[in-house]
Amino acid sequence: MPMYEHVFLARQDLSQAQVDALAEVATKIVEDNKGKVVKTETWGLRTLTYKIQKNRKAHFVMLDIEANGDTIAELERQTRMNEDIIRYMTVRVDAHEKGPSVMMRKSDRPERSERGGFGGGDRDRGAPRPDRGDRPDRAPRAEQEA
């Protein structure tokens, strides 16, 4: 049976319970049409790159689905009629991802330093650098007499 990923964006003013209810409605549509929802992920309230229907944020939800084309057509028809969903996209995939999706994995991203850059900001300025040698042009400081 063909496999799909269905992602929809729900309005920002909905509660998490209402978003979960939208995911349940989508699951029921798929199951009523002889399909199967393998996995449901709620990615949470995220900021959009640009405004969509006066919304700056949206709740993101992804469903991994095994169903035929008629089931997907019915799901998209029902999604289009729902005014709480501002965008959706369904993509056919060869296989579903095992474990959490890329959006749910935080440990794969590089860590940022406290200053906002990517590391390397606290270098000892007086130590010799391996790429320049010992800096023979710099003489050691003489001790001051008291």
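Scroll up to find the structure this text is about.
Thresholds, definitions, all that
Residues numbered from 1 in each chain as written. Predicted model: local features only at pLDDT ≥ 70, side-chain atom pairs only at ≥ 80, totals over all residues. Heavy atoms only, no water. Helix = DSSP H or I, 4+ residues; strand = E, 2+ residues; numbered from the N terminus. Buried < 20%, exposed > 50% of the residue type's maximum accessible area, 1.4 Å probe, protein only. Contact = heavy atoms within 4.5 Å. Areas by Shrake-Rupley, 256 points an atom, 1.4 Å probe, with all protein chains shown as cover. Salt bridge = Lys/Arg side-chain N within 4 Å of Asp/Glu carboxyl O. Phe/Tyr/Trp six-rings, centres within 6.5 Å; stacked < 30°, edge-to-face > 60°. Pairing = 2+ DSSP bridges.

Participant: Explain the overall build of the protein chain to me, please; I cannot follow it from the model alone.
Facilitator: Counting its secondary structure elements, the protein chain contains two helices and four strands. Reading the protein chain from its N terminus to its C terminus gives the helix and strand order β-α-β-β-α-β. Expressed as a percentage of the 146 residues in the protein chain, the buried residues total 30%. In the protein chain, 70% of the contacts between residues at least 6 apart in sequence involve partners at least 24 apart. As displayed, the protein chain offers around 11,000 Å² of accessible surface, 48% of which is attributable to carbon and sulfur atoms.

Participant: How do you make sense of the pattern of salt bridges when you look at a structure like this?
Facilitator: Pairing is possible between side chains of opposite charge, provided their charged atoms come close. Under the criterion given, the structure shown has six salt bridges. The residue Arg11 makes a salt bridge to Asp84 at a minimum N-O spacing of 2.9 Å. Of this pair, Arg11 sits in strand β1 (residues 3-11) while Asp84 sits in the loop between α2 (69-81) and β4 (85-93); the two residues are 73 residues apart in sequence, bridging distant segments of the chain. Since its relative accessible area comes to 23%, Arg11 is described here as partly exposed. Where Lys39 meets Glu41, a salt bridge forms, and the shortest distance between an N and an O atom there is 3.6 Å. Given the relative accessible area of 7%, Glu41 is considered buried. Connected through shared salt-bridge partners, Arg11, Asp13 and Asp84 make up one network.

Participant: Just checking my understanding: could you explain the packing of aromatic side chains for this structure?
Facilitator: By convention here, two paired aromatic rings are described through the distance between centres and the angle between planes. One pass over the structure, following the stated rule, counts one aromatic pair. Note on Trp43 and Phe60: the rings are 6.4 Å apart at their centroids and 25° apart in plane angle, and the pair reads as stacked. Here Trp43, found in strand β2 (residues 36-52), pairs with Phe60, found in strand β3 (residues 55-66); they are 17 residues apart in sequence, far enough to count as distant. Each member of the pair, Trp43 as well as Phe60, is classed as buried.

Participant: Where do I start with the pairing of β1 in this structure?
Facilitator: The side chains of a regular strand alternate between both faces of the sheet. Among the nine residues in β1, seven count as buried, and that is most of the element. Inspection of the sheet shows β1 paired to β3 by nine bridges, in the antiparallel sense. Its bridge partner being in β3, Tyr4 is matched across the sheet by Ile65. Where β1 meets β4, eight bridges bridge the pair, whose relative direction is antiparallel. Across the sheet, the residue bridging to Met3 is Val93, located in β4.

Function cannot be inferred from these measures alone, as they are strictly geometric.
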